[in-house]
Number of protein chains: 2
Amino acid sequence: MISQTAEYALRAVVYLADKGDAPQTTQQIAEVTRVPTGYLAKVMHTLGRSRIVHARRGLHGGFTLAVPPEKLTVLDVVQAVDPVQRIEHCPLGIPDHKSLCPLHARLDDTAAMVEKALGASTISELLAVAKRGEAPKPLYSSEDARGS
Amino acid sequence: MISQTAEYALRAVVYLADKGDAPQTTQQIAEVTRVPTGYLAKVMHTLGRSRIVHARRGLHGGFTLAVPPEKLTVLDVVQAVDPVQRIEHCPLGIPDHKSLCPLHARLDDTAAMVEKALGASTISELLAVAKRGEAPKPLYSSEDARGS
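Rules and cut-offs
- Residues numbered from 1 in each chain as written.
- Chains lettered and ligands numbered in written order.
- Predicted model: local features only at pLDDT ≥ 70, side-chain atom pairs only at ≥ 80, totals over all residues.
- Heavy atoms only, no water.
- Salt bridge = Lys/Arg side-chain N within 4 Å of Asp/Glu carboxyl O.
- Helix = DSSP H or I, 4+ residues; strand = E, 2+ residues; numbered from the N terminus.
- Buried < 20%, exposed > 50% of the residue type's maximum accessible area, 1.4 Å probe, protein only.
- Contact = heavy atoms within 4.5 Å.
- Core = buried A, V, L, I, M, F, W, Y, C linked by side-chain atoms within 4.5 Å.
- Buried area = accessible area lost by both parts, 1.4 Å probe.
- Phe/Tyr/Trp six-rings, centres within 6.5 Å; stacked < 30°, edge-to-face > 60°.
- Lys NZ or Arg CZ within 6 Å of the ring centre and 35° of its normal.

Asker: Looking at this structure, I do not really get the pattern of salt bridges. What am I missing?
Answerer: Two side chains of opposite charge can pair, provided their charged atoms sit close to one another. Residues and elements named next belong to chain A. Per the stated rule, a full pass over the model turns up 10 salt bridges over all chains. We note a salt bridge from Asp18 to Lys137, for which the minimum N-O separation is 3.0 Å. You can see Asp18 sitting in helix α1 (residues 4-19) and its partner Lys137 sitting in the loop between α6 (123-131) and α7 (142-147), a full 119 residues away along the chain. Of the charged contacts in the structure, one is a salt bridge between Asp108 and Arg86, with a shortest N-O distance of 2.7 Å. Note that Asp108 is positioned in helix α5 (residues 102-119) and Arg86 in the loop between α4 (74-81) and α5, a separation of 22 residues in sequence. Overall, the relative accessible area of 11% leaves Asp108 in the buried class. Here the residues in one salt-bridge network are Arg86, Asp108 and Glu115, joined through shared partners.

Here it is in C-alpha cells:
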C-alpha cells in the first residue's frame, strides 16, 4: 500500500519524534528502525530536503525532527519520500478523456481516500496511543521501551 | 496506489468485459490498452492462472473473461496480479508486538479501506457508467467508441 521507502521514513520519523531534541545519527536510527544503513542514509537525505528533519553536523550532530510531531502527519512523511499517486489525466493519453473514465475515476477516488486517512494521523498521536498503554510502542519491544 | 501491473490488468479485463464472448488476442488487447505486448503477455498469463481470464488456443483463439463482469470486482483483478499488502505481523519482527503498534495498525487500516473500496466496484459497473453517458468509455476515445 505504501512503499518500502515510505515505511522506512515513517519508522525514522517516529524514532526521532520519540527522542525529542537529542540528535540521532544515521547509525543509531538504522539500528532501532532495522533499516539497512545505506538505504536509511538516502531516506534521511530526502526527509532533510523536504524539511521534515534537520541535520546538525559535527561531533554531537545527527538528525532531529524539524516539525513538531503534533503538526506532522503520516501523509506528510509519505509525500516527502514516495507520494501517493493521484490520477489527474487519462493514463492512456486519450485526448478526449478530459474527465476521467469510470475505471480511473474509481482508482483516483481510492487514492484520495488514502491521502485523507494518512493525513488524519499525526506522528505524536501514534506515540500517544502507545504511551497510554493501548498498544505496543512503535519500534521497541516492551523490554527496550522500559529502558528508553 | 495500485501498481503498474495492476493497472494494466484492469485495462485488459475492462477490454475483455466490453468484448463479451469474442476472444481477443494479446496483440489486440495490447493495442487498445496501450500496454507493451511482452508485458501484457505476462499479465494475461497471471490472470489466466487466477482463472479470471480463459485462453482459447488455435486460429480463432484468444482471451475471454472467465468470470461474468458483474461478479468480478476491481479488487479481484488487483489481488490476482499484485495484491494489496496487508500488515499482519510486526514488519520489524519484534517478538512481543503480537498486536500491531499504532504506526502499523494505522497503515493496515488504510490497506483494509483500499481493499473495501476496490471490492465495492464491479467491472460491469465501470462500463455501465460510461454506457449511460455519464463519463468517457474506459480505453476508448469517443470516436472509437462510436465504431465499437
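Asker: Got a minute to help me understand the environment of Pro69(B) in this structure?
Answerer: Residues and elements named next belong to chain B. Mapping Pro69 onto the fold places it in the loop between β2 (62-65) and α4 (74-81). Along the primary structure Pro69 and Ala128 are separated by 59 residues, whereas in three dimensions their C-alpha atoms are 11 Å apart. Sequence-distant contacts of Pro69, defined by excluding residues within four places in its chain, comprise Ala17, Thr122, Ile123 and Ser124.

Asker: Sorry, what's going on with the nonpolar core here?
Answerer: Generally speaking, soluble globular proteins have nonpolar side chains that are buried together. Of all hydrophobic cores here, the largest spans 90 residues; its most connected members are Met44(A), Leu47(A), Ile123(A), Met44(B), Leu47(B) and Ile123(B). Apart from residues no more than four positions distant in its own chain, Met44(B) is found in contact with Ala12(B), Leu16(B), Ile29(B), Val53(B) and Phe63(B).

Asker: What is the right way to look at the interface of chain B and chain A in this model?
Answerer: How large an interface is tends to be reported as the accessible area lost when its parts come together. Each partner contributes residues to the interface: chain B has 46 residues there, and chain A has 46 residues. Counting each side, the surface lost to burial between chain B and chain A is near 3,600 Å², with a carbon and sulfur contribution of 70%. For the chain B face of the interface with chain A, the top three residues by lost area are Met1(B), Leu92(B) and Leu103(B), together amounting to 19%. Linking chain B with chain A are 0 salt bridges, by the criterion used here.

Asker: Which parts of the structure should I look at to understand the packing of aromatic side chains?
Answerer: The relative placement of two aromatic rings is captured by the distance of their centres and the angle of their planes. Residue and element names in this part refer to chain A. For the structure shown, the criterion picks out 2 aromatic pairs over all chains. Geometrically, the ring pair formed by Tyr8 and Tyr39 is edge-to-face, given 4.8 Å between the ring centres and 75° between the ring planes. In this pair, Tyr8 is assigned in helix α1 and Tyr39 in helix α3 (residues 37-49), connecting sequence segments 31 residues apart. For Tyr8, a relative accessible area of 10% corresponds to the buried category. The residue whose ring lies beneath Lys137 is Tyr140, and the NZ or CZ to ring-centre distance is 4.6 Å.

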